[in-house]
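# Per-entry structural report
Each chain is listed here by its residues.
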Amino acid sequence: MTALLRFDGVTCVRGGRTLFEQLDLDVRAGETLRLSGPNGCGKSSLLRLAAGLLRPAAGTVEAAPAALADDALALDRELPLVAALMFWNGPDGRSMEMLLDTLNLGGLIGVPVRLLSTGQKKRAALARIAATNAPLWLLDEPVNGLDGEGFRDLAELIDAHTATGGAVVAASHVELPGDWRELELGR
Ligand SMILES: Nc1ncnc2c1ncn2[C@@H]1O[C@H](COP(=O)(O)OP(=O)(O)OP(=O)(O)O)[C@@H](O)[C@H]1O
């Protein structure tokens, strides 16, 4: 199996504080990894390292093309939802119609992004990730704001992604639907 993410002896320092040291990690095609641990232990920082947005203080990070969903919605707030999402629709990305349907966003395609509710924005962020053709999904607290149905929709999206050779790394304080390998930081 191909590794879509590999950390080799990675040390992460932020604001002069060492969050983790000498971390080795492999995430392969078809795998899902949940990052857990207390507030401030470095879960989001690990995702940013994987996305190439942060440099390790030591060690190396190798990653396949990645899509990150964190606090930044990264969708034009003034555009109707479907137009904002189309910006991210990679040439080999999933069909937008199928995505909107899976995430129960079909009725909102003409609504400007800024008017979406918290849970709808979360769904839109997940649609953005899935609209790219990035094999590695990096999700920061993906179920925050989602209702029970959203939880199931996320599971369906992740299953489809891993079944087609993708991988997912998610930082979450709560259990996520499906089978996840777990990495606890800050111990
Ligand atoms: N830009 C920055 N400059 C300096 N320190 C930062 C920066 N961003 C984050 N930190 C610090 O790095 C540490 C880890 O933050 P991070 O967001 O990775 O934690 P986390 O495990 O995701 O936390 P939470 O569970 O609260 O989301 C925190 O102490 C935070 O204050």
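Keep in mind it's a predicted model, so treat the numbers as computed, not measured.

This part covers the overall build of the protein. In terms of helices and strands, the protein carries 5 helices and 8 strands. Listing each helix as α and each strand as β along the protein from the N terminus yields β-β-β-α-β-β-α-α-α-β-α-β-β. Relative to the globule expectation of 16 Å for 187 residues, the C-alpha radius of gyration of the protein, 16 Å, shows essentially globular dimensions. Dimensions of the protein along its principal axes, counting C-alpha atoms only, are 45 × 35 × 30 Å. Burial status across the protein gives 37% buried among its 187 residues. Contacts in the protein between residues at least 24 apart in sequence constitute 73% of all its contacts with a sequence separation of at least 6.

Attention now goes to the confidence of the model for the protein. For the protein, per-residue confidence averages 93 on the pLDDT scale, and 97% of positions sit at 70 or higher. On the interface metric, ipTM, the complex scores 0.96, and its pTM is 0.94.

The strand order across the open sheet formed by 5 strands is β5-β6-β7-β3-β8, and the pairing between neighbours is parallel. Each edge of the open sheet is held by one strand with a lone partner, namely β5 (66-69) and β8 (181-184). The mean angle between the axes of side-by-side strands here comes to 15 degrees, regardless of whether they run parallel or antiparallel. Note that β5 and strand β6 (residues 136-140) share 4 bridges and pair parallel. Directly across from A67, in β6, lies its bridge partner W137. The sheet contacts of helix α4 (residues 118-131) involve β5 and β6, and relative to β5 the element is tilted by about 175 degrees. With respect to the sheet, helix α5 (residues 148-163) is in contact with β3 (32-36), β6 and β7 (167-171), its orientation differing from that of β7 by roughly 140 degrees.

Moving on: the environment of A163. With respect to the helices and strands, the residue A163 is situated in helix α5. Placed 83 residues apart in sequence, A163 and P80 show a C-alpha to C-alpha distance of 31 Å.

What follows concerns helix α1 (residues 43-51). K43, S45, L46, L47, L49 and A50 are the residues of α1 that are buried. Positive backbone phi, approximately 80 degrees, marks G52, located one or two places after α1.

Near the ligand you find R14, G15, L19, N39, G40, C41, G42, K43, S44, S45 and A171, and these make up its full shell. Per-element accounting of the shell around the ligand gives the leading share, 3 residues, to α1. Here the residues of the shell around the ligand sort into 3 nonpolar, 6 polar and 2 charged.

What follows covers α4. Here α4 spans 20 Å end to end across 14 residues, near enough to the 20 Å set by a 1.5 Å rise per residue. The buried count for α4 comes to 11 of 14 residues, which makes it a mostly enclosed element. Along α4, the positions that sit buried rather than exposed are Q120, K122, R123, A124, A125, L126, A127, R128, I129, A130 and A131. Tucked into the core, α4 has its buried residues touching β5, α2 (81-86), α3 (96-102), β6 and α5.

What follows deals with unusual backbone geometry. Among all residues except glycine, the phi angle is most often negative; among peptide bonds, the trans geometry is most common. In this structure, Q22 takes a positive phi of about 50 degrees despite not being glycine. Classification of Q22 by C-beta neighbours within 10 Å gives exposed; the count is 11. For A74, which is not glycine, the phi torsion reads 60 degrees and is therefore positive. With respect to the helices and strands, the residue A74 is situated in the loop between β5 and α2.

The rules behind the values
- The numbers attached to residues start from 1 for each chain and follow its sequence in the written order.
- Where totals are concerned, whole chains, interfaces and linings use all residues; where local detail is concerned, this predicted model gives features only for residues with pLDDT of at least 70, and gives and counts side-chain atom pairs only at 80 or more.
- Helix and strand assignments come from DSSP, with helices taken as H or I runs of at least 4 residues and strands as E runs of at least 2, each series counted from the N terminus.
- Radius of gyration means the value over C-alpha atoms here, while the globule rule gives 2.2 Å times the residue count to the 0.38 power.
- Our exposure labels follow a C-beta count within 10 Å of each residue's own C-beta, placed from the backbone: buried means 20 or more other C-beta atoms, exposed means 12 or fewer, and partly exposed covers the counts in between.
- Placing C-beta atoms from the backbone, we regard two residues as in contact once those atoms come within 7 Å.
- You can read pLDDT as the predictor saying how much it trusts each residue, on a scale of 0 to 100.
- A pair of strands is labelled paired if DSSP reports no fewer than 2 bridges between them.
- Note on geometry: axes are C-alpha line fits, over the in-contact stretch for helices, and angles between N-to-C directions span 0 to 180 degrees.
- By definition, a residue lies near a molecule or strand provided its backbone-derived C-beta atom is within 6 Å of it.
- Under the grouping applied here, Gly and all other residues not named as nonpolar or charged are polar, the nonpolar ones being Ala, Val, Leu, Ile, Met, Phe, Trp, Tyr, Cys and Pro and the charged ones Asp, Glu, Lys and Arg.
- One fewer than the residue count of a helix, multiplied by 1.5 Å, yields its expected span.

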